[in-house]
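Listed below are the residues making up each chain.
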Amino acid sequence: MSEHMPGGRLPEDPSPEARFNALFDAWAATYDAVVSGADDEYAEVFAGYDRILERVAGEIDRPPGALVVEIGVGTGNLTQKLLARGYRVIGVEPSQAMRREARRKVPEADVREGSFLHLPLDEAGGEAYVDAFVSTYAFHHLTDAEKEMALRRMAARLAPEGRIVFADTVFADEAARQAVIEEARRRGFHQLLRDLEQEFYPLLSDLEDILARVGLHAVFERLNRYVWMWKAVRRRP
Ligand SMILES: C[S@@+](CC[C@H](N)C(=O)[O-])C[C@H]1O[C@@H](n2cnc3c(N)ncnc32)[C@H](O)[C@@H]1O
């Protein structure tokens, strides 16, 4: 088991917000070491982590001051990059310890309690329409049905030129998923194996179908062995 992450079963509570809070509350203090390559089990997952976050920030391509909502901010690494580009950023994060860590590292950030399915946006306060939703390494915490619900809600709040830019683990097909599961088993990567078997990493085709059903057109690009970035805009009628 990884020394950086607590093991054990997922909590019984199936609510999408609370499902992973205990895990991430416990991981907050050592998360940044893991994304920097300190844990062999996750080295390939986080390979090129900083470059991946830069790519996501770069794909937003909206003018400074545009409203960017980042979901699942973790320790605030992408938040920092978004603020450096002059965006108005609302960070959303369900884990209390992660929120605390993000606020400590990025005191100027507006980090709010919430989740993909509960966006803490103030419609009356100028937050009804969003120029970009962004997220890295977080969307796989939702089941595919929840992913669809979350994307439908985001699509409904996109400003006319708005976009959704996400990067996360996606598998090209079932054979690709089974290959990494087999390899994790062979190398004794028990924590990674638990993640691969219990979290909700989508197949590329399933994600494409979900995006199409909610009326979004998306372009995908693979960024490392696990992570794909995709940028979605509303389909033109
Ligand atoms: C692996 S971390 C990624 C953190 C950061 N985005 C990054 O790229 O380093 C996943 C984050 O997603 C958050 N998360 C888990 N379930 C979520 C949900 N339903 N809605 C929003 N965020 C969630 C976790 O609390 C955690 O902070």
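What counts as what
- Residues numbered from 1 in each chain as written.
- Predicted model: local features only at pLDDT ≥ 70, side-chain atom pairs only at ≥ 80, totals over all residues.
- Heavy atoms only, no water.
- Helix = DSSP H or I, 4+ residues; strand = E, 2+ residues; numbered from the N terminus.
- Expected span 1.5 Å × (residues − 1).
- Buried < 20%, exposed > 50% of the residue type's maximum accessible area, 1.4 Å probe, protein only.
- Arc of directions from axis to C-beta.
- Contact = heavy atoms within 4.5 Å.
- Core = buried A, V, L, I, M, F, W, Y, C linked by side-chain atoms within 4.5 Å.
- Near = heavy atom within 4 Å.
- Polar contact = N/O pair within 3.5 Å; in protein donor to acceptor, adjacent residues only side chain to side chain.
- Areas by Shrake-Rupley, 256 points an atom, 1.4 Å probe, with all protein chains shown as cover.
- 1 Å grid on protein atoms, 1.4 Å probe; cavity = no way out; pocket = protein on both sides within 12 Å on 5 of 7 lines; lining within 4 Å.
- Sits in = over half its atoms within 2 Å of the grid points.
- Nonpolar A, V, L, I, M, F, W, Y, C, P; charged D, E, K, R; others polar.
- Pairing = 2+ DSSP bridges.
- Points joined across faces, edges and corners; volume = space filled by probe spheres on them.
- Phe/Tyr/Trp six-rings, centres within 6.5 Å; stacked < 30°, edge-to-face > 60°.

Engineer: What is the right way to look at helix H7 (residues 174–186) in this model?
Structural biologist: Think of an α-helix as 3.6 residues a turn; residues three or four steps apart then line up on the same face. For H7, which comprises 13 residues, the first-to-last C-alpha distance of 18 Å matches the rise-based estimate of 18 Å (1.5 Å per residue) to within 8%. All of the buried residues along H7 are Arg-177, Val-180, Ile-181, Glu-183 and Ala-184. Summarising the axial view, the buried residues of H7 lie within an arc of 165°, below the 170-degree limit, and thus occupy one face. Opposite the packed face of H7, turned more than 90 degrees from it, sit the exposed residues Ala-175 and Arg-186. Looking at the buried residues of H7, the elements they touch are helix H8 (190–198).

Engineer: Which parts of the structure should I look at to understand the nonpolar core?
Structural biologist: One broad rule of soluble globular proteins: the nonpolar side chains tend to lie buried together. Judged by nonpolar contacts, the single largest core of 44 residues is most densely connected at Phe-46, Leu-82, Val-134, Tyr-137, Leu-192, Leu-196 and Tyr-226. The dominant element in this core, judged by the number of residues it contributes, is helix H3 (residues 49–60), at six residues. Counting residues in each nonpolar core, the second largest holds 32 residues, with Leu-117, Leu-119, Val-130 and Val-170 among its members.

Engineer: I tried to follow the site of the ligand on my own but got confused; where do I start?
Structural biologist: Lining the immediate environment of the ligand, one finds 19 residues, of which Tyr-31, Tyr-49, Gly-72, Glu-93 and Thr-136 sit closest. The contact in question runs from a nitrogen atom of the ligand to an N or O atom on the backbone of Gly-72, over 2.7 Å. Within the complex, 99% of the 600 Å² of free accessible area of the ligand lies under protein. Of all the cavities here, the one that holds the ligand is the largest cavity. Classifying every residue of the shell around the ligand gives twelve nonpolar, six polar and one charged.

Engineer: Any chance you could explain the pairing of strand E6 (residues 216–222) here in plain terms?
Structural biologist: Two faces, one strand: in a regular strand the side chains alternate between the faces of the sheet. Pairing between E6 and strand E7 (residues 227–234): seven bridges, direction antiparallel. Within E7, the position partnered with Arg-222 by the bridge is Trp-228. Where E6 folds back onto E7 in an antiparallel hairpin, the turn is made up of four residues.

Engineer: What is the right way to look at the environment of Leu-196 in this model?
Structural biologist: By the secondary structure assignment, Leu-196 is in helix H8. C-alpha separation for the pair Leu-196 and Thr-169, spaced 27 residues apart in sequence, amounts to 9.9 Å. Excluding its chain neighbours within four sequence positions, the residues that come into contact with Leu-196 are Phe-171, Val-180, Ile-181, Ala-184, Tyr-201 and Tyr-226.

Engineer: Would you mind showing me how to read empty space enclosed by the protein here?
Structural biologist: Gaps left between atoms show up when a probe the size of a water molecule is rolled over them. The final tally for this structure, using the stated rule, is two cavities of 30 Å³ or more. Its boundaries defined by the atoms lining it, the largest cavity holds a volume of some 560 Å³. Taken together, 42 residues form the lining of the largest cavity, with Phe-24, Tyr-137, Ala-138, His-140 and His-141 sitting closest to its centre. For the lining of the largest cavity, the elements supplying multiple residues, two or more each, are helix H1 (21–27), H3, strand E1 (67–71), helix H4 (77–84), strand E5 (158–169) and H8. With four residues, the top contributor of residues to the lining of the largest cavity is H1.

Engineer: Can you help me understand the packing of aromatic side chains in this one?
Structural biologist: The description of an aromatic ring pair uses the distance of the two centres, along with the angle that the planes make with each other. Applying the stated rule across the entire model yields 16 aromatic pairs. When the centroid spacing of 6.2 Å and the interplanar angle of 35° are considered together, the rings of Phe-220 and Trp-230 count as tilted. Taken together, the residues Phe-220 in strand E6 and Trp-230 in strand E7 connect sequence positions ten residues apart. Trp-230 shares its class with Phe-220; the two are buried.

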